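As a plain string of letters, each chain reads:
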Amino acid sequence: MPICTCAPEIELSPDFKNNVKIMCVYSNLVGTASRNYNPLVINFLTNFSDGLSFNPGDVTFDLKSLDNTESATCTRNEYNDICTITLNQSYINNRAPVELAKTMMHEILHAKIFHSKLVAPDLFETMFLKYLGETTGNFGTDEHQFILNYYIPPMIRFLKDFDSSFGNSAPDDFYKAIAISGLGLKYSASELEQIMTAQNFFRSRGLNCP
Ligand SMILES: [Zn+2]
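Rules used in this analysis
Residues numbered from 1 in each chain as written. Predicted model: local features only at pLDDT ≥ 70, side-chain atom pairs only at ≥ 80, totals over all residues. Heavy atoms only, no water. Disulfide = S-S within 2.5 Å. Helix = DSSP H or I, 4+ residues; strand = E, 2+ residues; numbered from the N terminus. Buried < 20%, exposed > 50% of the residue type's maximum accessible area, 1.4 Å probe, protein only. Donors = N, O, S within 2.8 Å, 3.2 Å for Na, K, Ca; no water. Salt bridge = Lys/Arg side-chain N within 4 Å of Asp/Glu carboxyl O.

Trainee: Would you take a moment to explain the state of the cysteines for this structure?
Mentor: Simply put, disulfide is the name for a covalent bond between the sulfur atoms of two cysteines. The tally for this structure, following the rule as stated, stands at 1 disulfide. The disulfide partner of Cys-24 is Cys-209, and the S-S distance across this bridge is 2.0 Å. One quick way to see it: the torsion about the S-S bond of Cys-24 and Cys-209 is about -70 degrees, and its sign makes the bridge left-handed. Of the two residues, Cys-24 sits in helix α2 (residues 20-35) while Cys-209 sits in the segment after α10 (189-204), which places them 185 residues apart along the sequence. We classify Cys-24 as buried; its relative accessible area is 14%. A relative accessible area of 11% places Cys-209 in the buried class. Take Cys-74: it sits in no disulfide, and the sulfur closest to it among the cysteines is that of Cys-83, at 4.0 Å. Given the relative accessible area of 1%, Cys-83 is considered buried.

Structure below.
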């Protein structure tokens, strides 16, 4: 599948570009933005209207084996503020495409939240507090809680769009379970079970893309 030309500014490392499965997932992630109105994807890939513009040049993608157990990391260069999203090579083969799409979007959200705080901290904090219904908060370490509070519904829509680009569909609860996985929160027993069930479902459909 050709890469959508709507996001030419995003830099991809050679290792990332040479991985067929990863490029398939990435192409469909970008393609989802061009085929459907999906605010989550569009807000990242283009300039948005929320006052917290994000330049695709502010992020790069890489792929390498990571020492830690995370499926990906988002590291910020303190000099130029560029976020490098590194996917863990060791995790690629046994993950379903939907899970990898979630991981990319999860890291993109870290990059976006970081950037929003950088360019418009007051606006970001105002939105955050308004959403939480609070008057004070800790914005330095709470990105996963922010994602949980704010981005799960658009994440579900994104995963649904992504999946449908392969002609697939699943119950919303399955997309939700994938969306909340990897947030490092205290999951309830039933949430953990839902995550396992969803992962098994998507993996049993096949690990290749497409
Ligand atoms: Zn994270």
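Trainee: Any chance you could explain the coordination of the zinc ion here in plain terms?
Mentor: In ideal tetrahedral geometry, four donors around a metal make angles of 109.5 degrees, whereas ideal octahedral geometry with six donors gives angles of 90 or 180 degrees. Within the protein, the zinc ion binds to His-106 (NE2), His-110 (NE2) and His-144 (NE2); these donor distances fall in the range 2.0 Å. Mapping the donors of the zinc ion onto the primary sequence gives the spacing H-x3-H-x33-H. On the criterion of helical spacing, the pair formed by His-106 and His-110 is a turn pair, its members being 4 residues apart in helix α5 (residues 97-119). Judged by relative accessible area, His-106 falls into the buried class, the value being 5%. Taking relative accessible area as the criterion, His-110 reaches 12% and is therefore assigned buried.

Trainee: What should I look at first to understand the pattern of salt bridges in this one?
Mentor: Enumeration over the complete set of coordinates arrives at 5 salt bridges. Taking the shortest distance from any N to any O, the salt bridge between Lys-64 and Asp-62 comes out at 3.8 Å. The salt bridge partner of Asp-172 is Lys-160, with a shortest N-O separation of 2.8 Å. On the criterion of sequence distance, the pair formed by Asp-172 in helix α9 (residues 172-180) and Lys-160 in helix α8 (residues 152-164) is long-range, its members being 12 residues apart.

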